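# Architecture and fold: a report
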Amino acid sequence: MDDIQLIDKKGKRKDSRGPEDLRPIKIEAGVLDNADGSAYIEWGKNKIIVGVYGPREMHQKHLQRPDKAIVQVSYSMASFSVDERKKPGQGRREHEISKIIAEALERSIISDQYPRTSIDVYIEVLEASAGTRCAGVTAASVAIADAGIPMIGMVASCAAGKINGQVVLDLDKLEDNIGDADLPVGYIPKTEEVVLLQMDGHFTPEEFDKAFVLARGACIQIQELQKEALVKKYSQEPEENGTDDNGENKDDMAEGGVLQ
Ligand code: ADP
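Presented here is an overview of the structure given in this document. Every chain begins its residue count from 1, and numbering advances along the sequence as written. Totals for whole chains, interfaces and linings use every residue, but because this is a predicted model, local features are given only for residues with pLDDT of at least 70 and side-chain atom pairs only at 80 or more, for both listing and counting. Derived side-chain values reflect all non-hydrogen atoms in the structure, with water molecules and hydrogen atoms excluded from consideration.

### A word on the packing of aromatic side chains
- Only rings of Phe, Tyr and Trp enter the pairing, Trp through its six-membered ring, and a pair is recorded when the two centres are within 6.5 Å. The plane angle decides the type: under 30 degrees is stacked, over 60 is edge-to-face, the rest tilted. Counted under the stated rule, the structure contains two aromatic pairs.
- A ring pair is formed by Tyr-53 and Tyr-122, whose centres lie 6.1 Å apart and whose planes are at 80 degrees; its orientation type is edge-to-face. Taken together, the positions of Tyr-53 in strand S3 (residues 46-57) and Tyr-122 in strand S5 (residues 117-127) put the pair 69 residues apart, joining distant regions of the chain.
- Exposure remark for Tyr-53: the relative accessible area of 28% places this residue in the partly exposed category.
- Under the relative-accessibility criterion, Tyr-122 is labelled partly exposed at 32%.
- For the pair Phe-208 and Phe-212, a centre-to-centre distance of 6.5 Å together with 5 degrees between the ring planes defines the contact as stacked. A residue pair is termed a helical-turn pair when its members lie 3 or 4 positions apart in one helix, as Phe-208 and Phe-212 do in helix H4 (residues 205-234) at four residues.
- By relative accessible area, which is 25% here, Phe-208 ends up partly exposed. A helix here means a DSSP run of H or I that spans at least four residues, while a strand means a run of E at least two residues long, and both kinds are numbered starting from the N terminus. Exposure categories follow from relative accessible area, calculated using a 1.4 Å probe and restricted to protein chains: below 20% of the type maximum is buried, above 50% is exposed, and the middle band is partly exposed.

Written out as structure tokens, the structure reads:
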């Protein structure tokens, strides 16, 4: 839909961002008491919480792997996460996103240390505003690290897209709805491995290259926020990071990496 102007002649988008700007991102690690690891992310208007359990014994024996742990992901959007009440339960889109996120995370975990076990990752989207799979996998990686599960490196994720024929970073909801293309990328900066790559819409080969480089660069930037969130949590005194001297929890949360 080229008729709706999403970016002006000066390169300014509807929300005042430039073509290569991210939406504001805030990540907190260790926000849930009952999960082994957890994280909360606000990315633009997206709000997502992730809880991780495991590695724990895989009860469904036929799914067990004798050589490694398997990663099971449940991505779901709350009924109140979008403008019009979403039908409760997981639909096809949520199953697909769960699968691609599991595959991306599996690449990042040193899973052969935990044969026959499962690492269960629950991604709950509280508010959705485009880019939830990228925000979800980014937060999930922080939650896995928070659970103390050994990793090769964390996965950071971001999309680039095309609006009014121009390649831009990190589409918001309006841009996603009426833009020309979207390219979510998941990347492990430490190993330089691409672990998630999807494409929606049409790019020329040159545009694809530009979008990919832009998204990958943003992943490197986002990885710093992931690390900051973990450093923030683990550098705090017990009293500050949500537990007092008796191990009882307090209401205040550690505030981690923020990109304004
Ligand atoms: P992502 O959130 O990873 O960009 P999609 O491209 O499938 O995934 O979705 C884009 C956005 O569309 C979502 O972030 C959400 O705001 C909205 N959306 C997705 N599914 C629904 C739904 N069932 N009802 C209303 N809005 C939805």
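From this point, the narrative continues.
### Looking at the site of the ligand
- The ligand sits among Met-77, Val-82, Lys-86, Arg-93, Ala-128, Ser-129, Ala-130, Gly-131, Thr-132, Arg-133, Lys-173 and Asp-176.
- Two N or O atoms form a polar contact when they lie within 3.5 Å of each other; inside protein one atom must be a possible hydrogen donor and the other a possible acceptor, and for residues adjacent in sequence the pair counts only when both atoms belong to side chains. Interatomic distance of 2.7 Å between a backbone N/O atom of Ala-130 and an oxygen atom of the ligand.
- The separation between an oxygen atom of the ligand and a polar main-chain atom of Gly-131 is 2.8 Å.
- Using a 1.4 Å probe, accessible areas were evaluated by the Shrake-Rupley method; residue-level cover was limited to the displayed protein chains. In isolation the ligand has 530 Å² of accessible area, and contact with the protein removes 73% of it.
- In a pocket analysis with a 2 Å cut-off to the grid points, the ligand is assigned to the largest pocket.
- Among the elements of the structure, helix H2 (132-146) and helix H3 (173-178) are those that each provide at least two residues to the shell around the ligand.
- Residues that form the shell around the ligand fall into these classes: four nonpolar, three polar and five charged. For this purpose, a residue is taken to be near a molecule or strand whenever a single non-hydrogen atom of the residue falls within 4 Å of it. In the cavity and pocket records, a cavity denotes points on a 1 Å grid over the protein atoms alone where a 1.4 Å probe fits but cannot get out, a pocket denotes an open set with protein on both sides within 12 Å along at least 5 of 7 lines, and lining residues are residues with an atom within 4 Å of a point. Molecules are considered to sit inside a cavity or pocket once more than half of their atoms lie within 2 Å of its grid points. Under the scheme applied here, ten amino acids are nonpolar (Ala, Val, Leu, Ile, Met, Phe, Trp, Tyr, Cys and Pro), four are charged (Asp, Glu, Lys and Arg), and all others, including Gly, are polar.

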